[in-house]
Amino acid sequence: FCLMAAPGKVAAFRLPPLPTIGEIIKLFRLKALKQLSQNFLLDLRLTDKIVKQAGELKNAHVCEVGPGPGGITRSILSAGVEQLLLIEKDARFIPGLQMLSGAAPGKVRIVHGDILTYNMEKAFPKHLKKSWEDEPPDIHIIGNLPFSVSTPLIIKWLENVSKRDGPFIYGRTQMTLTFQKEVGERLTANPGSNQRSRLSIMAQHLCTVENCFVIPGQAFVPKPEVDVAVVHFTPLVQPKIQQPFELVEKVVQSVFQFRRKYCFRGIETLFPENGRLKRTEQLMMTANVDPTLRPFQLSMSQFRNLCNAYRKMCDEDPSLFLFNYREELRQKKMSRNLLGSAGQPEQTEEQNQL
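Figured I'd write up the structure that's included with this text. Keep in mind it's a predicted model, so treat the numbers as computed, not measured. (Residues numbered from 1 in each chain as written. Predicted model: local features only at pLDDT ≥ 70, side-chain atom pairs only at ≥ 80, totals over all residues. Heavy atoms only, no water.)

## Thoughts on the overall build of the chain
Here is step 1: Along the chain, the regular secondary structure elements total 13 helices and nine strands.
Here is step 2: Here the chain holds 354 residues, and the buried ones make up 49% of them.
Here is step 3: Long-range contacts, defined here as pairs at least 24 residues apart, represent 68% of the contacts in the chain between residues at least 6 apart. (Helix = DSSP H or I, 4+ residues; strand = E, 2+ residues; numbered from the N terminus. Buried < 20%, exposed > 50% of the residue type's maximum accessible area, 1.4 Å probe, protein only. Contact = heavy atoms within 4.5 Å.)

## Structural notes on the pattern of salt bridges
Here is step 1: Taken as a whole, this structure holds 13 salt bridges when the rule is applied.
Here is step 2: The salt bridge partner of Lys163 is Glu159, with a shortest N-O separation of 2.7 Å. Within this pair, Lys163 and its partner Glu159 are both found in helix H5 (residues 147-163), separated by four residues, close to a single helical turn.
Here is step 3: For Arg186, the salt bridge goes to Glu182, with nearest N and O atoms at 2.4 Å. In this pair, Arg186 and Glu182 both sit in helix H6 (residues 181-188), four residues apart, roughly one turn of the helix.
Here is step 4: Among the ionic contacts, a cluster of salt bridges with common partners joins Glu159, Lys163 and Glu246. (Salt bridge = Lys/Arg side-chain N within 4 Å of Asp/Glu carboxyl O.)

## Some thoughts on the sheet that holds strand S4 (residues 108-112)
Here is step 1: Reading across the sheet, the seven strands line up as S4-S3-S2-S5-S6-S9-S7 and stay open at both edges, with mixed pairing between neighbours. Each edge of the open sheet is held by one strand with a lone partner, namely S4 and strand S7 (207-215). Across the sheet, the mean angle from the axis of one strand to that of its neighbour is 20 degrees, orientation sign disregarded.
Here is step 2: Against the sheet, helix H2 (residues 44-53) engages strand S6 (174-180), S7 and strand S9 (228-235), with an angle of about 165 degrees to S7. (Pairing = 2+ DSSP bridges. Axes fitted to C-alpha atoms, helices over the stretch in contact; angles between N-to-C directions.)

## With respect to the side chain of Thr269
Here is step 1: Tracing the backbone through its elements, the reader meets Thr269 in the loop between helix H9 (263-267) and helix H10 (276-287).
Here is step 2: Given the relative accessible area of 3%, Thr269 is considered buried.
Here is step 3: For Thr269, the side chain forms a polar contact with the main-chain oxygen of Gly266, separated by 2.5 Å.
Here is step 4: What Thr269 contacts, discounting residues up to four positions off in sequence, is Ser254, Gln257, Phe258, Phe323 and Tyr325. (Polar contact = N/O pair within 3.5 Å; in protein donor to acceptor, adjacent residues only side chain to side chain.)

## Side note on H5
Here is step 1: With 17 residues, H5 should cover 24 Å at 1.5 Å per step; its first-to-last C-alpha distance of 25 Å lies within 8% of that length.
Here is step 2: Arg164, located one to two residues past H5, shows a positive phi value of around 55 degrees. (Expected span 1.5 Å × (residues − 1).)

## Regarding the pairing of S9
Here is step 1: Counting buried positions along S9 gives eight out of eight residues, so the element sits mostly inside the fold.
Here is step 2: In S9, alternate side chains face the same way, and those of Val228, Val230, His232 and Thr234 on one face and Ala229, Val231, Phe233 and Pro235 on the other are all buried.
Here is step 3: One ladder, built from six bridges, connects S6 with S9; its direction is antiparallel. Following the sheet pairing, Thr178 is matched in S9 by Val230.

## Thoughts on unusual backbone geometry
Glycine aside, residues mostly have negative phi angles, and peptide bonds mostly take the trans form.
Here is step 1: Backbone geometry places Arg164, a non-glycine residue, at a positive phi of 55 degrees.
Here is step 2: Within the secondary structure layout, Arg164 lies in the loop between H5 and S6.
Here is step 3: Residues other than glycine seldom take positive phi values, yet Asn288 does so here, at roughly 60 degrees.
Here is step 4: Its location among the elements puts Asn288 in the loop between H10 and helix H11 (300-316).
Here is step 5: Given a relative accessible area of 65%, Asn288 falls into the exposed group.

Rendered as structure tokens:
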């Protein structure tokens, strides 16, 4: 319901008195499932703090991923949103969320489904769409993600950012999500940092990524073994590497294949054995990248140069992009076995690392 407002002022939305999150958990006999890496956040001051990182939500449209017992849901509703879409995979939480929906008539839509397969292109009204070059639309994605889902989901959404589809068909939709602290550090790591990884490049070349704050593990029920980072993403108008997502991902994955070795060692895995050394040298010279740098030392501009040079080589030889280093190793191993080499062949260092 709405509180009475002073003349000339818009009424502020307030939830009516409701059972606490702890009481909801007891009422519906909810239990966090370890196999789904579920952890409940009961402290509404912390859920308010997470929602605050999303920015101004008054009259915005929000999708909350994995609301669970509804702690963050309450904070989102209290921020005065226009509409809230809840996507929850675990059917046990639906009755508690329906109770919240009843307390905010007309504001909440509940979908029992998996965010990894849900079609986000029809999640919000068409009139909210904005041009990519404009300010971000009045749409936000917020979620306390299960650890098992967080990395594949952010990679999926980064691909959506690159292709401007999924939740980004509406424009540069902002995201405020939780990750294991270590994953949050990877997402925001700078060149030279030990946490610099594939995730750092894939996220930062497409988005402004901000590690907002860390929530101690003891704030969750049950307590996870790690602390949790709250990370905010705003898609960039222009990606820092202007190449297809699949190409960037292949180059970045290859570079970080052997993160403790010189970067040329990972870059070699982009090329078939026949002519590998020559092509690796050609790529590194064209990109003007020092082959003795470690992968985590490379800057974004150096990754951009590598991707651009690799794209040029793929344009000249279309079969190159289809080459798969792991498949080549597998074929070589099969050949050795067929030749009847004595005993089980030893794995190479490269195979062990892969």
